[in-house]
Amino acid sequence: MSNGMLEETQVIPLAEVEEVDLYHAHHWITKYVFCQDAKVIAIQYSATAILIGLVGLVLSWMMRLQLGFPEVFDFIDAESYYQYVTMHGMIMVIYLLTALFLGGFGNYLIPLMVGARDMVFPYMNMLSYWVYLLAVIVLTVSFFVPGGASGAGWTLYPPQAISEGTPGIDGGIILMLISLVLFIIGFTMGGLNYVVTVLQARARGMTLMRMPLTVWGIFVATILALLAFPALFVAGVMMLLDRVLGTSFFMPEMIVQGEMTSHENGSPLLFQHLFWFFGHPEVYIVALPAFGVVSDIISTHARKNIFGYRMMVWAIVAIGGLSFIVWAHHMYVSGMNPYFGFFFATTTLIIAVPTALKVYNWVLTLWKGNIHLSIPMLFCVAFILTFVNGGITGLFLGNVIVDIPLSDTMFVVAHFHMVMGIAPILVIYAAIYHWFPKMSGRMLHEGWGQFHFWVTFLGSYLIYFPMHYLGFIGVPRRYFEIGETSFIPPSSVTLNEFITVTVLIVGFAQVVFIANIIISIFKGKPADSNPWNATSLEWQTAETPPGHGNFGDELPVVYRWAYAYSMPGVEADFVPQNLPPDQVRRTGSTTGPVAEDPPELHQ
Amino acid sequence: MNLFHEMTKKPWLVDPTEASSVREVGAFFLPAGKVGLRVFLVVVTVVFTLITIAYADRMLFANWLPMQEPWVLWLNTAFLIASSVAMQWAHNGTRQNNLNGVRDGLIWGGVLTFAFLTGQLYVWQQLVDLGYYANTNTANAFFYLLTAAHGLHMAGGLVAWWRSFARMRRGASVADLRLSVELCTTYWHYLLLIWLVLFALFLVS
């Protein structure tokens, strides 16, 4: 059989192997607006995601103002508070993190890192962005319809999400569901691109196991998203029908304000299962690209190969697989069968094994490395700490018996913000500081970067560490105002004030970061094409920022993996992936093929 | 590609044969369009599987009143099977370099699919006239949801079909049509399979 395949490959002429037909823009509208170049689409995705993310950030300030200083701000009432909670959660998880990691970094990095000229379906890739933008616009419009945005909480649990008394029942929830459905359609178009590009459009010599871990992370995350988002899609459509047509997929018989509703026998639990069948893989859809990016940045800035590359790849795949059988750990308080809970607690604890493996490998990569404490590296080290913190509280909450008392407290808020909010955001910052020189041809300002890093890193710990304590003493989450409660000491009020003040300070640092980006685009120090002396292909392009088609006339040929740092016997401390072996300068100024080196040199 | 073999490679050991031995092909010896369609069909499968699971789960609840399937559904099923056969006919035409076969197959495939969709709408109309509203019973709601989801996928297929058809009318050669006709055919067969499973589900519930 293998012989047949070999013969087949030998006769396949280049043109049949999807040498991407490069689309050339002839008008500024097709060059900058309706553009099919993945790099432009990436920047469009990133800018939109960051913009809507800023809205999410402002919403978090509003929530904290209310929690820190209740009854001070007249414009925040209970209804608007729940709208802030809902929109903050949905915006941050889906419209910021998912869109930025996959639509933003995925689009920019996949073709460049695997040595392709563009995505394999550029037109669909462009459509993907415009549908995403439409989803964002529909979501934003929901703030301005009568009744305002939905206040159902970001999980949109029925029956409450579409019952009288919940804010946004008139238009907000409808627009939210439409926006989610649009987002998923748009994402699917992009996701097909990312998967097929990685599978089919790699440069010569770029075997799967020579791909940088960033690509592995985005690749597996995209597969997860393609398999998990349909659950949200189905749930969203069914809830939309419940709300608009009065069907009873999820809506049980209820008496609202003394009257029977027209719904009968729907299953709210069914929604929870569908939602979390999407919702838990979603955590890893955000985390896996972050894992990949961290691996690459740590290796580059510590001038050392990543420790245990194969294990890192397998761990990414294993985490991706396991993430589909842990979803019900979000539902321990839904009244499930104890055996069911036992199963999900077990799988949840098992998923900690490949995750811990990754953390050990990052630390071992740093061990005895030539560590450069550049801004991207600082953010990555901060990520490792934060991820360990958030991960360990996840082990607490993964156990049914611990989760039940803690489930409705601020402990959960602290946990998931550490592991799914702060940790991926730190990686996004690391990635922006790392790849900004490639994307713009200029460096970000180092001093402002230091300010941004330290305020963000220390600030987020000052925000979320005390929140664990608040949770332990029983301060509930989701409450607009606690008022006088016997078991909650007055010190918690002071602590809440402190957290709110810190939130505002950290928020200010993000404004500085945005300013740094905008100013650096125009006035930043010019960057050369490979400022970090990195090995992967995106740093070896002829132009910076890379031109249309990425690699000039000839596609690169890959001779080694992406982690050839500090190789013994080699003059430079890095060897680019596409440098032919006979051009590698050996110490003593002789050149010779690295391929003839005894294997132990490359361990 | 042997995935296990690929993923157990040790990339830090330099293999002198590697760079020269990797050919200019992706993981599969297939055009990107075919790989893309297969990935998409996996996504479609997940969507229909999840709705089916929800259907099966919801059947167990009290107050589930399965509806009578109108006989027109059998006719529609026949249309869909015939459209799939017609698409296969067009596909065979591309293999045998027979432009007339491609044209006839495509035209019949499109017409029969259109007949299927019209028939589905007629079934809806009939059911509404009989008082089977979506909000009177969840069995009805699931019927409308599943037929709508399948119908929309068929309609999406017709967009791709229209592009191949328009290309043919502009005088494209059989070789130029080969890939798009093959992709359409695969899609038609797969959606027929999904419909048969759904129809069986309606019949047994």
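Please read these numbers as outputs of a predicted model, since none were measured by experiment.

A.B. asks: Teacher, can you tell me more about the overall build of chain B here?
C.D. replies: Secondary structure assignment for chain B yields seven helices and zero strands. Traced from its N-terminal end to its C-terminal end, chain B shows the element sequence α-α-α-α-α-α-α. On C-alpha atoms alone, chain B measures out to a radius of gyration of 22 Å, which is more than a quarter above the 17 Å that the 2.2 N^0.38 rule sets for 205 residues. Projected onto its principal axes, the C-alpha positions of chain B cover 70 × 45 × 20 Å. Within chain B, the fraction of its 205 residues that count as buried is 50%. Long-range pairs, those at least 24 residues apart, make up 79% of the contacts in chain B with a sequence separation of at least 6. Split by element, the accessible area of chain B, about 9,900 Å² in all, is 66% carbon and sulfur. Here chain B contributes 13 positive and 10 negative side-chain charges, whose respective centroids are spaced 7 Å apart.

A.B. asks: Would you take a moment to explain the overall build of chain A for this structure?
C.D. replies: Scanning chain A from terminus to terminus reveals 15 helices and two strands. Relative to the compact-globule value of 25 Å for 603 residues, chain A shows a C-alpha radius of gyration of 25 Å, a close match. Oriented by its inertia axes, the alpha-carbon framework of chain A measures out at about 85 × 50 × 50 Å. Counting over 603 residues, chain A shows a buried share of 61%. Long-range contacts, defined as pairs at least 24 residues apart, comprise 77% of the intrachain contacts of chain A with a sequence gap of at least 6. In the form shown here, chain A has an accessible surface area of approximately 23,200 Å², with 68% of it arising from carbon and sulfur atoms. For chain A, the separation between the mean place of its 22 positive charges and that of its 37 negative charges on side chains is 14 Å.

Rules used throughout
Residues numbered from 1 in each chain as written. Chains lettered and ligands numbered in written order. Predicted model: local features only at pLDDT ≥ 70, side-chain atom pairs only at ≥ 80, totals over all residues. Heavy atoms only, no water. Helix = DSSP H or I, 4+ residues; strand = E, 2+ residues; numbered from the N terminus. Rg over C-alpha atoms; globule rule 2.2 N^0.38 Å. Buried < 20%, exposed > 50% of the residue type's maximum accessible area, 1.4 Å probe, protein only. Contact = heavy atoms within 4.5 Å. Areas by Shrake-Rupley, 256 points an atom, 1.4 Å probe, with all protein chains shown as cover. Lys, Arg positive; Asp, Glu negative; His and termini not counted. Charge placed at Lys NZ, Arg CZ, Asp CG, Glu CD.

All we've got here are geometric facts, nothing functional implied.
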